[in-house]
Amino acid sequence: MIDPSTATRVVFLGGLGRSGSTLLERLLGELPGVAPLGEVAHLWARGVLAGEPCGCGEPFPDCPFWRKVGERAFGGWTGSLAERMLTLRQRVDRTRRVLRIDHPDLAEYVQAYRRVYDAAAEVADARLVIDSSKHASLAHCLAADGSDLHVVQVVRDPRAVAHSWRRTVARPEDGRPMARWGSGRTALHWTAQNLALDLLARRGVQVTRVRYEDLLAAPRDTLASLAERLGLRTELSFITGTTAHLTTAHTASGNPMRFTVGRVELALDDTWRSGPRRLVAALTWPLRARYGYRGIAV
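All of the points below concern the structure found in this document. (Residues numbered from 1 in each chain as written. Predicted model: local features only at pLDDT ≥ 70, side-chain atom pairs only at ≥ 80, totals over all residues. Heavy atoms only, no water.)

Let's talk about the pattern of salt bridges
Short version of the rule: One side-chain nitrogen of Lys or Arg within 4 Å of one carboxyl oxygen of Asp or Glu is enough to make a salt bridge. Runs of H or I in DSSP of at least four residues are treated as helices and runs of E of at least two as strands, each being numbered from the N terminus.
Going through the model one piece at a time under the given rule, you end up with 13 salt bridges. Ionic pairing is found between R209 and D198, a salt bridge with its closest N-O pair at 3.2 Å. With R209 in strand β5 (residues 206–211) and D198 in helix α8 (residues 183–202), the pair connects residues that are 11 residues apart, well separated along the chain. Across the pair R211 and D214 runs a salt bridge whose closest N-O atoms are separated by 3.1 Å.

Below, the structure is given as structure tokens:
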């Protein structure tokens with residue numbers, strides 16, 4: 001088990017992809033004493049093995065920040081370490097296991113993440129690190145082994161999420177299209193991930209829910225409220241009205257927005273309302289309504 005008195009504070013952003021977790025991470029990452037790390041769950045395959053770029057634009061192996069993190073955590077990144085972590089993920093870190101997350105390899109799996117968090121906090125001189133891996137199962141693994149964890153559940157109207165998953169988006173790393181999902185698959189994964197995150201709160205884990213729509217409608221107020229819940233200083237000079245000014249972040253993986261630097265307009269995309277949404281609306285009720293997403297289904 002992790003010793004809470006010496007553990008690095010971790011904010012884990014959970015939810016289904018295309019729900020706004022990367023945007024929220026980038027905004028939180030502008031606060032003093034915070035180190036945003038991106039999707040650490042994908043660091044092993046996309047960073048260590050594939051050498052994809054960090055959010056700073058440098059290939060992962062060449063990024064000074066991540067090189068220092070690897071040296072402090074493991075004596076350096078190696079292919080064998082990454083392969084081991086991917087093997088452990090298949091054994092331990094599965095959504096179907098959240099009802100009983102215990103596993104003989106759990107301690108080894110979580111310890112590697114703790115080493116990454118601790119080393120990153122040290123290199124960045126940060127009080128807190130953000131892991132936007134999103135997967136509820138990883139949050140359950142971390143919580144089960146005693147990590148100092150605060151989960152931020154990022155939710156978005158599932159009809160908008162399904163619309164986003166149907167779009168063709170190119171990966172900035174190599175130009176290949178990102179995965180696309182149909183409405184039914186998106187609805188089922190949206191429900192499964194959010195129910196699993198709700199379960200964390202019932203197990204005593206600190207969980208704060210943030211709706212993507214609220215963040216864009218009132219960015220300063222929403223972010224200030226969340227920062228206060230997380231015990232962070234609410235210095236929001238980087239937000240003016242609905243405009244944010246982002247600096248470079250060393251995020252290991254995530255959607256294309258992790259490379260964005262400079263002025264960002266925080267505007268809600270409502271194009272999903274003109275598309276088909278009856279199936280998603282039916283499959284995600286009543287959880288959708290419990291999160292405040294009512295409205296029409298057609």
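So much for the structure itself; the text now carries on.
Observations regarding the nonpolar core
Generally speaking, soluble globular proteins have nonpolar side chains that are buried together. The condition that has to hold: Working definition of a nonpolar core: buried Ala, Val, Leu, Ile, Met, Phe, Trp, Tyr and Cys residues. They are joined through side-chain atoms within 4.5 Å. Type-normalised accessible area, obtained with a 1.4 Å probe on protein chains alone, sets the label of each residue: buried when under 20%, exposed when over 50%, and partly exposed for intermediate values. The contact rule is simple, with two residues in contact once any of their heavy atoms fall within 4.5 Å.
Counting 49 residues, the largest nonpolar core has L37, L43, W44, W66, W77 and Y113 as its most contacted members. Mapped by element, the contributors of at least two residues to this core are β1 (9–14), α2 (43–49), α3 (64–74), α4 (79–92), α5 (106–124), α6 (136–144), β4 (149–155) and α8. The element contributing the most residues to this core is α5, with 10 residues. Dropping the residues within four chain positions of it, W77 is found in contact with L43, W44, V48, F60, W66, R67, V69, G70 and V116. V34, I130, A227 and L236 belong to the second-largest nonpolar core, a separate cluster that totals 29 residues.

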